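One-letter residues, chain by chain:
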Amino acid sequence: MEMKLHNWVLQLADSNSRRSCACGIFPTSLVLCIMFFMGSVLIAQDYPEVFSHRLPKWGMNTCMPNSVSNKCENRCRAHGSEALPEGIVVTSSDLNMRPLWGFPEKIKDLKRSLLTVAVGVKQKDLVNKMVEKFLSNGFIVMLFHYDGVVDEWKDFAWCDQVIHVAAINQTKWWFAKRFLHPDIVAEYDYIFIWDEDLGVEDFNPQRYLETVKREGLEISQPALDSSKSEVHHKITVRGRRSDVHRRIFKFSGTGEKCDENSTAPPCTGWIEVMAPVFTREAWRCVWYMIQNDLIHAWGLDMRIGYCAQGDRTKNVGVVDSDYVVHLGLPTLGANETDKDQLAQHNADLLFATRNSGLSCILNDMFFSTPPMGDNDSEPEKLTTTTEEPPILKLAPSPMPPPINPRIEVRRQSYIEAKIFKWRWRNAVQSDKCWKDPFKQL
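What counts as what
- Residues numbered from 1 in each chain as written.
- Predicted model: local features only at pLDDT ≥ 70, side-chain atom pairs only at ≥ 80, totals over all residues.
- Heavy atoms only, no water.
- Buried < 20%, exposed > 50% of the residue type's maximum accessible area, 1.4 Å probe, protein only.
- Helix = DSSP H or I, 4+ residues; strand = E, 2+ residues; numbered from the N terminus.
- Pairing = 2+ DSSP bridges.
- Right-handed = clockwise from strand over helix to strand, strands pointing away.
- pLDDT = per-residue confidence, 0-100.
- Contact = heavy atoms within 4.5 Å.
- Polar contact = N/O pair within 3.5 Å; in protein donor to acceptor, adjacent residues only side chain to side chain.

Caption draft 1: Spatial organisation of the pairing of strand S1 (residues 113-119). Taken across its 7 residues, S1 has 7 buried, putting it largely inside the fold. Where burial is concerned, the two faces of S1 agree: the one with Ser113, Leu115, Val117 and Val119 and the one with Leu114, Thr116 and Ala118 are both buried. Both S1 and strand S2 (residues 140-145) contribute to a ladder of 6 bridges, which runs parallel. Paired with threonine 116 across the bridge in S2 is methionine 142. Crossover handedness for the path S1 to helix H5 (residues 124-135) to S2: right-handed.

Set out below in structure tokens:
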């Protein structure tokens, strides 16, 4: 009897053990199956070409391709690079020169700023001082040779260290539009686009950059030493009370009155474009505003504050702590014509046309500076117009006018200023989505 009871207890215990084991195996198997299922789905998403033949078993063939397709379609790709694998695409470049063989040693401090200057060989001594100073401060230098002469610069030790681009009788804005695309200069924090007739004895490039960074200037220029410079606008004159000034004060005289409440050029948010300095972001905006066919860029200065990446009264300024001398030399378009002979030629021309009704026109053309017209400093009331941009028309003259390149350059600059102003007005009117951030309420 005891033996039967003992066997029955053993059988019961064994049965309970098997039942317990079975109960433990089932949830474990369930968890493993779920993990296997989820893992298969995730792997199939990454490697659809491997698992595509298995997907029908799981009922996933309709969902997976759409998921991958949507992911790829939503990627932001550079225009024109869609045919390439993303990892091989290089979206920007720089102006650093490379050796024909081997690789340059790794530079600890990369050159982060760029100086560009439109130059002619007649001003090579001035340019030499400028280039030496900027190269010694770690700048990349690019020279735009508007006279086409390059070989005569080889007597300078730095000649092979800078980039030379030559095109006859082209302005710095022509060069800048074609050779300083924002993607090409994207590696540089600051871009200097300077004239050649600047004295830099009191200018320190590194200290200048420290100042504009500290002051948050997106667009700037060095102030002018008024005792030695040709000054066209009061705001460019060096002040001595601070490192930077952003406005001028003018309470009398002709033209715009400027006070602490002024918010627009020429009182504030404005620089002259003989020595502008742009941040990378500001230059990208300015480059788009430069008109391809208006090579003198007159009128650009009045709108340049729109590229200041915010408040132009704060982000545009003139640096007083590092200043330059603007010599105002007649460079682009200058010739060797004797001034006395030219004046006599003009006088003879006026005498010959005195009775033809053209004397007033010629007097304006050759002896006076045409006015800029209405003030551009405040937003203007726009009217619908389909007229063509202004074109200068003259009555036929009994004798050909004298050709003075400097006068012709100045006249063309004024014409371009009018055309740019006309284009701005039409652009503002036609773009219904654009809102003027500086419009006076």
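Caption draft 2: Structural view of the pairing of strand S6 (residues 219-224). When you tally the buried positions in S6, you get 6 out of 6 residues, the bulk of the element. As paired strands, S6 and strand S8 (residues 277-279) are joined by 2 bridges and run antiparallel to one another. Each residue of the ladder has a partner; that of isoleucine 219, found in S8, is phenylalanine 278. Pairing between S6 and strand S9 (residues 316-326): 6 bridges, direction parallel.

Caption draft 3: Inspection of the confidence of the model for the protein chain at higher detail. Residue-level pLDDT values for the protein chain average 79, and 66% of them are 70 or greater. pLDDT under 50 marks residues 336-342. Its contacts with residues more than four places away, or in other chains, come to 4 contacts. Every residue in residues 348-384 is under pLDDT 50, and counting partners more than four places away or in other chains gives 67 contacts.

Caption draft 4: Spatial organisation of the side chain of histidine 245. By the secondary structure assignment, histidine 245 is in strand S7 (residues 244-245). Separated by 2.6 Å, the side chain of histidine 245 and the backbone oxygen of isoleucine 235 make a polar contact. Engagement of the side chain of histidine 245 in a polar contact is seen with the side chain of aspartate 320, the distance being 2.9 Å. Contact partners of histidine 245, with chain neighbours within four places excluded, come to Ile235, Val237, Gly239, Gly317, Val318 and Asp320.

Caption draft 5: Here's a closer look at unusual backbone geometry. Residues proline 265 and proline 266 are joined by a peptide bond in cis, for which omega reads 5 degrees. Relative to the helices and strands, proline 266 resides in the loop between S7 and S8. Within the chain, alanine 297 stands out as a residue other than glycine whose phi angle is a positive 60 degrees. Here alanine 297 lies in the loop between helix H8 (280-289) and helix H9 (300-303). Here alanine 297 falls in the buried class, since its relative accessible area comes to 11%.

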